[in-house]
Amino acid sequence: KPRTTPPSTLEMIRIVYRNPLELWGEQTYNEPWISAKGAGGPLVIANDPGLIRHVLVDNAKNYKMATVRQKILRPILRDGLLTAEGEVWKRSRKAMAPVFTPRHIFGFAQPMLKRTREFVTRYEDGGTSDIAHDMTLLTYDILAETLFSGEIAGEPGSFASQIDRLFETMGRVDPLDLLRAPDWLPRLTRIRGRKTMAYFRKIVTDTVKMREEKFRRDPDGVPQDFLTLLLKAEGPDGLTRSEVEDNIITFIGAGHETTARALGWTLYCLAESPWERDRVEQEIDAVLAREPDPTKWLDAMPFTRAAFDEALRLYPPAPSINREPIVPEMWGDLYIPKHAAVLVMPWVVHRHRKLWDRPDAFLPERFHPGNREKIDRFQYLPFGAGPRVCIGASFAMQEAIIALAIMLSRFRFDTTSETKPWPVQKLTTQPQGGLPMRVTPRAL
Ligand code: HEM
């Protein structure tokens, strides 16, 4: 429920640390934009689709990634695509475009299917499980297969356990960064994460070396996964070796938890709307009976896709897209000072009272064919927009449809009295306390 009174600076820092989603008052969900003085300087919240288009597309060249976000993510992701800026970003985005062509994405459909089928066997005996946690395991399995074909250096399992530690310790807003304190003041969040980071990095470096040796021994036997595709993007006009490593870590950072959250929230929304779930189950059953090729499922399942899109609206895994203008500017009457924190918040825009009818209700028909076209491109931004739009969106969509098709065709997911999801903004929008749900094999 939105707040009605503005928080004091101290309270604000506490809320940002606990759950930034609680910061925004009723006004934030009603106004086209809000211009205020935040704890760290001027703040502009952009809700109007025209203003969002201005910031993310038309005037994108005058905006950089927000300093606070860079301070959190750059120590982990370095010059990976998500945190790169200027010429490095331009060169990297171009070099990586061939990695995400439909041909390669379709090539990942079978590994996605295989890993999901193996994964769901854990539900065969039924029972209650934390679905939020399970989905992070599933999307990790799928990433391990599509990134490295499971060929990871180090002790088995160590990579998976380090990922959670790494993002848990380092992926937090440090109060000092929020206040834009000088860089020489030590940040506890960074110090704690340093050792994990060094260990994690070594596993990635060793994994790349292992693959190179394999390539030398048997050039034809190398799997066509992300790692091979990234190594092909290496070269004088392409990526450097350390950028290849940065982007491996970036794909994990940007593509693992986001997709997991999206799947968890979709299963939750469907469990709370059994009539929608019936429609989705019927569609999936019918398509699976006639179409064995998983690359065709996304187009063949408009209701399932709409349910997923609507869950992404209500619970956008990336709740805030943050930018900073490098020059002061005007947009209509709105003055945006240089270095203001400009927040385009899918979380707020997707629930804006003036942009959506019944904004807090789960209504997948908004995204049914015929309705979807009426939604402004800049009022629905789960994957962002403009030059820095998510490069992995089609990978994520294919993964989601395959995972949902396999899970929902075989099992029913129900909420229990223990399911009390409270969305909290960490790196992603996650349910506090997880998503305990009852899973039962479907009688077919
Ligand atoms: C960028 C969301 C899945 C890789 C973004 C952005 C958003 C986003 C909102 C824009 C950030 C900004 O403009 O500041 C999501 C969601 C996903 C998802 C909601 C899942 C449901 C993935 C996957 C991958 C990926 C699977 C990789 C395999 C990236 C990268 C960028 C990015 C590399 C940076 C692009 C650039 O700056 O040029 N994502 N993402 N994402 N995403 Fe995703």
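Look a little higher up for the structure.
Residues numbered from 1 in each chain as written. Predicted model: local features only at pLDDT ≥ 70, side-chain atom pairs only at ≥ 80, totals over all residues. Heavy atoms only, no water.

## Topic: the nonpolar core
Applicable threshold: What is meant by a nonpolar core is a set of buried Ala, Val, Leu, Ile, Met, Phe, Trp, Tyr and Cys residues, joined one to another through side-chain atoms within 4.5 Å. Each residue's exposure class comes from its accessible area (1.4 Å probe, protein chains only) as a fraction of the maximum for that residue type: buried when under 20%, exposed when over 50%, partly exposed otherwise. The way it works is that DSSP assigns letters per residue, a run of H or I at least four long becomes a helix, a run of E at least two long becomes a strand, and they are numbered from the N terminus.
Counting 108 residues, the largest nonpolar core has M135, I248 and F413 as its most contacted members. Here this core gets 11 residues from one element, more than from any other, and that element is helix α18 (residues 393-410).

## A look at the coordination of the iron atom of the ligand
Here is the rule we go by: Donor atoms (N, O, S) are those found within 2.8 Å of the metal centre, with the cutoff raised to 3.2 Å for Na, K and Ca; water is not part of the atom list, so apparent gaps in a site can occur.
On the protein, C390 (SG) is the one donor atom to the iron atom of the ligand, at 2.3 Å. For C390, the position within the fold is in the loop between α17 (346-349) and α18.

## Some points on the pairing of strand β1 (residues 33-38)
Along any regular strand the residues' side chains alternate between the sheet's two faces. Note the threshold: At least two bridges found by DSSP between two strands are what make those strands a pair.
In this sheet, strand β2 (residues 41-46) lies alongside β1 in antiparallel orientation, the contact comprising six bridges. Paired with S35 across the two strands is V44, which belongs to β2. Hairpin connection, β1 to β2: the antiparallel pair is bridged by two residues.

## Comments concerning the sheet that holds strand β3 (residues 63-65)
Put simply, the rule reads: All axes are obtained by fitting lines to C-alpha atoms, using only the stretch in contact for helices, and the reported angles, taken between N-to-C directions, cover 0 to 180 degrees.
Strand order in this open sheet of five strands is β1-β2-β8-β5-β3, and the pairing throughout is mixed. The strands lining the two open edges of the sheet, one partner per strand, are β1 and β3. Neighbour-to-neighbour, the strand axes of this sheet turn through a mean angle of 30°, independent of strand direction. One ladder, built from three bridges, connects strand β5 (residues 321-325) with strand β8 (residues 341-344); its direction is antiparallel. Within the sheet, the bridge partner assigned to R323 lies in β8 and is V342.

## Brief notes about the side chain of Q398
As for its placement among the helices and strands, Q398 is situated in helix α18. What makes Q398 buried here is its relative accessible area of 6%.

## Side note on the environment of P175
Basically, it comes down to this: For this analysis, residues touch if any pair of their heavy atoms sits within 4.5 Å.
Structurally, the position occupied by P175 is in helix α9 (residues 175-178). Sequence separation between P175 and I13 is 162 residues; the distance between their C-alpha atoms is 6.5 Å. For P175, the residues in contact, after removing those within four places along its chain, are I13 and Y17.

## Points about the packing of aromatic side chains
Given two aromatic rings, their pairing is described by the distance between the two centres and the angle made by the two planes. Definition in use: Each pair of aromatic rings taken from Phe, Tyr and Trp, with Trp reduced to its six-membered ring, is defined by centres within 6.5 Å and is described as stacked if the planes are under 30 degrees apart, edge-to-face if over 60, and tilted in the remaining cases. Whether a charge sits over a ring depends on NZ of Lys or CZ of Arg being within 6 Å of the ring centre and within 35 degrees of the ring normal.
One pass over the structure, following the stated rule, counts 13 aromatic pairs. One aromatic cluster in this structure is built from F100, F108, F226, F251 and F395. The cationic tip of R351 hangs over the ring face of W347; the distance from NZ or CZ to the ring centre is 4.4 Å.

## Overview of the pattern of salt bridges
The line we're drawing: Each salt bridge in this description consists of a side-chain nitrogen of Lys or Arg and a carboxyl oxygen of Asp or Glu lying within 4 Å of one another.
Taken as a whole and assessed by the stated rule, the structure comprises 31 salt bridges. The closest approach of N and O atoms between E281 and R412, which form a salt bridge, is 2.6 Å. Taken together, the positions of E281 in helix α14 (residues 274-290) and R412 in strand β9 (residues 411-415) put the pair 131 residues apart, joining distant regions of the chain. On the basis of relative accessibility, which here comes to 4%, the residue E281 falls in the buried class. Given a relative accessible area of 28%, R412 falls into the partly exposed group. The partner of R442 in a salt bridge is E281, with the nearest N and O atoms 3.8 Å apart. Note that R442 is positioned in the segment after β12 (436-441) and E281 in helix α14, a separation of 161 residues in sequence. Taken together, the shared-partner salt bridges connect E26, R351, R353 and D360 into one network.

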